Amino acid sequence: GAFSGLVRLNPDGTRDDTFLFTSASADTIAIEIAPDGKIVLAGRQCPGYCVRRLNSDGSSDTGFSSYNQLLPITALALLPNGKLAVAGYWGEYFSYIRRLNADGTFDKDLSGRSVYGLRTQPDGKLIAFGYAGGDASPVVRYNVDGTLDLTFQSSFNALAVVLTADNKLVAGGN
């Protein structure tokens, strides 16, 4: 399965016809560009929900084992060690953060916390934020090994988070 609604645009906004991607079987939910220029995608209807990787020219990366699951994916983050984090939720009571190996295979579950978004800090720590029962939930941070970082003390409920150049977080929510 691949992704519909995926194009590469030139700086003037026109479609880049040299981009080799040509499939239309899944909706793109999240996109990240890896340091090597490869494109990592999360999508739905491929079947279920999936993570795929493309080469920088849009061709399929055959060294990546496409990760498929039935649970919705709402967020995707690249980690400095080459691994990936995916997160999502199903209704009000089931949610997850999962880590994938650099080749797309499952590594470990990090949490059952409701997550709408993920951000990666330069040191490899993972910031998670999002929903809990339909409302924003506190921003949390995970260590590189996937454990909850107990030194990070936030009680702010966030729906959006960005990282500043000096490694501070700007969070918006309710």
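Here, every reference points to the structure presented above.
Rules used throughout
Residues numbered from 1 in each chain as written. Predicted model: local features only at pLDDT ≥ 70, side-chain atom pairs only at ≥ 80, totals over all residues. Heavy atoms only, no water. Pairing = 2+ DSSP bridges. Helix = DSSP H or I, 4+ residues; strand = E, 2+ residues; numbered from the N terminus. Axes fitted to C-alpha atoms, helices over the stretch in contact; angles between N-to-C directions. Buried < 20%, exposed > 50% of the residue type's maximum accessible area, 1.4 Å probe, protein only. Core = buried A, V, L, I, M, F, W, Y, C linked by side-chain atoms within 4.5 Å. Contact = heavy atoms within 4.5 Å.

*Asks:* Can you walk me through the pairing of strand S14 (residues 169–172) in this structure?
*Replies:* The side chains of a regular strand alternate between both faces of the sheet. Pairing between strand S13 (residues 160–163) and S14: four bridges, direction antiparallel. Residue pairing in the sheet places Ala160 in a bridge with Gly172 of S14.

*Asks:* Before we go on, may I ask you to explain the sheet that holds strand S4 (residues 67–69) in this structure?
*Replies:* Backbone hydrogen bonds hold the strands of a sheet together, and the pairing may be parallel or antiparallel. Strand order in the open sheet formed by four strands is S1-S2-S3-S4, and the pairing between neighbours is antiparallel. Strands with a single pairing partner mark the edges of an open sheet, and in this sheet they are strand S1 (27–33) and S4. In this sheet, adjacent strand axes meet at a mean angle of 20° when their direction is disregarded. As defined by bridge partners, strand S2 (residues 39–44) adjoins strand S3 (residues 49–54) across six bridges and the pair is classed as antiparallel. Of the residues in S3, the one forming a bridge with Val40 is Arg53.

*Asks:* Looking at this model, I keep getting lost on unusual backbone geometry. Mind explaining?
*Replies:* Only a minority of non-glycine residues have a phi that is not negative, and only a minority of peptide bonds are not trans. In this structure, Asn167 takes a positive phi of about 70° despite not being glycine. Mapped onto the secondary structure, Asn167 falls in the loop between S13 and S14. By relative accessible area, Asn167 is classed as partly exposed at 34%.

*Asks:* What am I meant to see in the nonpolar core here?
*Replies:* One recurring pattern in soluble globular proteins: nonpolar side chains tend to sit buried together. Val40, Val51, Ile73, Leu76, Leu84, Val86 and Leu100 are the most contacted members of the largest nonpolar core, which has 15 residues in total. Within the residue set of this core, elements represented by two or more residues are S2, S3, strand S5 (75–78), strand S6 (84–90) and strand S7 (94–100). Val51 has contacts with Val40, Leu41, Ala42, Phe64, Ser66, Tyr67, Ile73, Leu84, Val86 and Leu100, leaving out every residue within four places of it along the chain. Ala77, Ile97, Leu126 and Val140 belong to the second-largest nonpolar core, a separate cluster that totals 13 residues.

These results come straight from atomic positions and should not be treated as a statement about function.
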